[in-house]
Amino acid sequence: VGSEAHSGSGGKPTESDGWLHPVAIDLRQDADGGHVRDLTPGAFEVKHWVLGHHDGMLYVVHNGRVRDVAAKEEEEEEGLLETRTVSRIDPSNSSDVLRVIAAGGEHVINGMSNSGSGIVPLKGMIAYFSAGVDRPALVAVRRAATADDDDDNDENSKDNAAFGPEVIISDQLFRLPSFVTPRTLRFPSEDGAYMLSAQLFLPPQDSKSKSNHSDETSADAAAAAAVPGVLFTHGGSQRQMFSAFHFSPAYAALYALNQYLACELGMAVLSVNYRSGIGYGHDFRVCKSCMWKGAAEYGDVRAAGALLASLKQVDGSKIGLYGLSYGGLNTMQGLG
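Right, let's walk through the structure included here.

Quick notes on the packing of helix H5 (residues 296-310) against helix H6 (residues 326-335)
Each packed pair of helices is defined by two parameters, the angle between the axes and the distance between the axes. One can describe the packing of H5 onto H6 by two numbers: an axis separation of 10 Å at closest approach and a directional angle of 70°. Taken together, the axis directions place H5 and H6 in an arrangement best described as roughly perpendicular. Taken as a pair, H5 and H6 cross one another with a handedness that is right-handed. From H5, Glu 297, Tyr 298 and Val 301 reach across to H6, where they touch Tyr 326, Asn 330, Gln 333 and Gly 334.

Topic: the pairing of strand S13 (residues 195-201)
The buried fraction of S13 is high, at six of seven residues. For strand S12 (residues 183-188) and S13, the ladder comprises six bridges, and the chain directions are antiparallel. Bridging from a neighbouring strand, Leu 185 pairs with Ala 198 of S13. Connecting S12 to the antiparallel partner S13 that follows it, the hairpin turn spans six residues, and Gly 192 within it adopts a positive phi of roughly 75°. Bridge analysis of S13 against strand S15 (residues 268-273) gives five bridges, and the strand direction is antiparallel.

Topic: the nonpolar core
Of all hydrophobic cores here, the largest spans 35 residues; its most connected members are Phe 187, Leu 200, Leu 231, Leu 270, Val 272 and Leu 308. Within the residue set of this core, elements represented by two or more residues are strand S3 (46-51), strand S4 (58-62), S12, S13, strand S14 (227-233), S15 and H5. A per-element tally of this core places H5 first, with six residues. Beyond its immediate sequence surroundings of up to four residues, Val 272 is in contact with Phe 187, Ser 197, Ala 198, Leu 231, Phe 232, Thr 233, His 234, Asp 300 and Ala 304. Within the second largest apolar cluster, 15 residues are counted, among which are Phe 232, Met 241, Phe 245 and Ala 262.

Things to note about the environment of Val 167
With respect to the helices and strands, the residue Val 167 is situated in strand S11 (residues 167-168). By relative accessible area, which is 47% here, Val 167 ends up partly exposed. Distance from Val 167 to Val 139, taken between C-alpha atoms, is 8.5 Å for residues 28 residues apart in sequence. Ignoring any residue separated from it by four or fewer positions in sequence, one finds Val 167 in contact with Val 139, Ala 140 and Val 141.

Observations concerning the pairing of S3
In this structure, S3 lies alongside S4, joined through five bridges in antiparallel fashion. Note that in S4 the partner of His 48 across the bridge is Val 61. Linkage of S3 to S4, two consecutive antiparallel strands, is achieved through a turn of six residues, within which Gly 56 is found at a positive phi near 75°.

So, the sheet that holds S14
On the basis of which strands lie adjacent, the open sheet formed by five strands has the order S12-S13-S15-S14-S16 and mixed pairing. The open sheet is flanked by S12 and strand S16 (314-323), the only strands paired with a single partner. The average undirected angle you get between the axes of adjacent strands in this sheet is 30°. Lying over the sheet, H6 contacts S14 and S16, oriented at roughly 140° with respect to S16.

Conventions and cut-offs
- By convention here, each chain's residues receive numbers from 1 onward along its written sequence.
- Where totals are concerned, whole chains, interfaces and linings use all residues; where local detail is concerned, this predicted model gives features only for residues with pLDDT of at least 70, and gives and counts side-chain atom pairs only at 80 or more.
- The side-chain numbers reported here are obtained from all heavy atoms of the structure, hydrogens and water having been left aside.
- Where helices are involved, their axes are fitted lines through C-alpha atoms of the stretch in contact, as for all axes, and angles between N-to-C directions lie from 0 to 180°.
- Per the convention used, a helix needs a DSSP run of H or I reaching at least four residues, while a strand needs a run of E reaching at least two, with both numbered from the N terminus.
- Working rule for angles: under 35 degrees goes down as roughly parallel, over 145 as roughly antiparallel, 65 to 115 as roughly perpendicular, anything else as oblique.
- By definition, any crossing whose near helix is turned counterclockwise from its far helix by less than a right angle is left-handed, and any crossing with a clockwise turn is right-handed.
- Contact between two residues is taken to exist if any of their heavy atoms lie within 4.5 Å; hydrogens are not considered.
- Throughout this description, buried means an accessible area under 20% of the type-specific maximum (1.4 Å probe, protein chains only), exposed means over 50%, and partly exposed covers the range between.
- Note on pairing: two strands pair once DSSP finds at least 2 bridges between them.
- By nonpolar core is meant a set of buried Ala, Val, Leu, Ile, Met, Phe, Trp, Tyr and Cys residues that side-chain atoms within 4.5 Å join together.

Purely geometric stuff here, so don't read any function into it on its own.
Written out as structure tokens, the structure is:
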């Protein structure tokens, strides 16, 4: 089995179709290793994988959704490339397909960690990291299913029938009920080369306006209710932000800061996944006109800023931006 993309198993993954995938080489039939079989074909990226020593199955963490893996446009329209899913496949069986174990919705990240494979398959269970809108990444466990498990409680019961429901360690201890649920927006880049994605944090409805506008026209009231906007650009630049707590401690803290700006200070925050980031294929990540070769990624930041200013909930005359590391460079370019 070929190497994992970001863990320490050595070697390199394949991107023959423009997406990071693990591969298998059957040395019994091809001693030279010339025939490479893509284990997870489709328009999505596999971020981590590990071979289960107890069952010989390959456990992978990927974005997208298994039933849509052949439809790149559908994935992008539904925002599924901003999710994480844990699946498994038999690498020795060329006719086997990915089977979902744990799939997060648009606002949940499954199976991620800051280093290592991020998933630990054991006999009788699997462990991974899971995060949500109001909960940072915590250890999640799924035990092998029994006859008593109610498959109707799981949206992927048909695929992951071999495993029971997800159990989060210390779940209630870390939940923050005042957080808002970010929305994933999709919009075209300035040059029309890509459909970009960003997460929009809007203040709670009751915090948008503290004043009584009953004597104003509807247009005046709408203008008075509009809030300042803040554009956030991540560092890296090979990173990807989500509509939930990030698996990286640094970006988890920045996600919490974006929530604070929205929930406590009443601002609208847009967190943009700009060109040269990960999760959207080789060409998006290895951008020919990015950085010192043309700074095309800053054009994506400008497009996100224009989108933020155009929103009816936002006062377009009050737009700020911030970022760290490479996002700090984007911020300085914006201030210039």
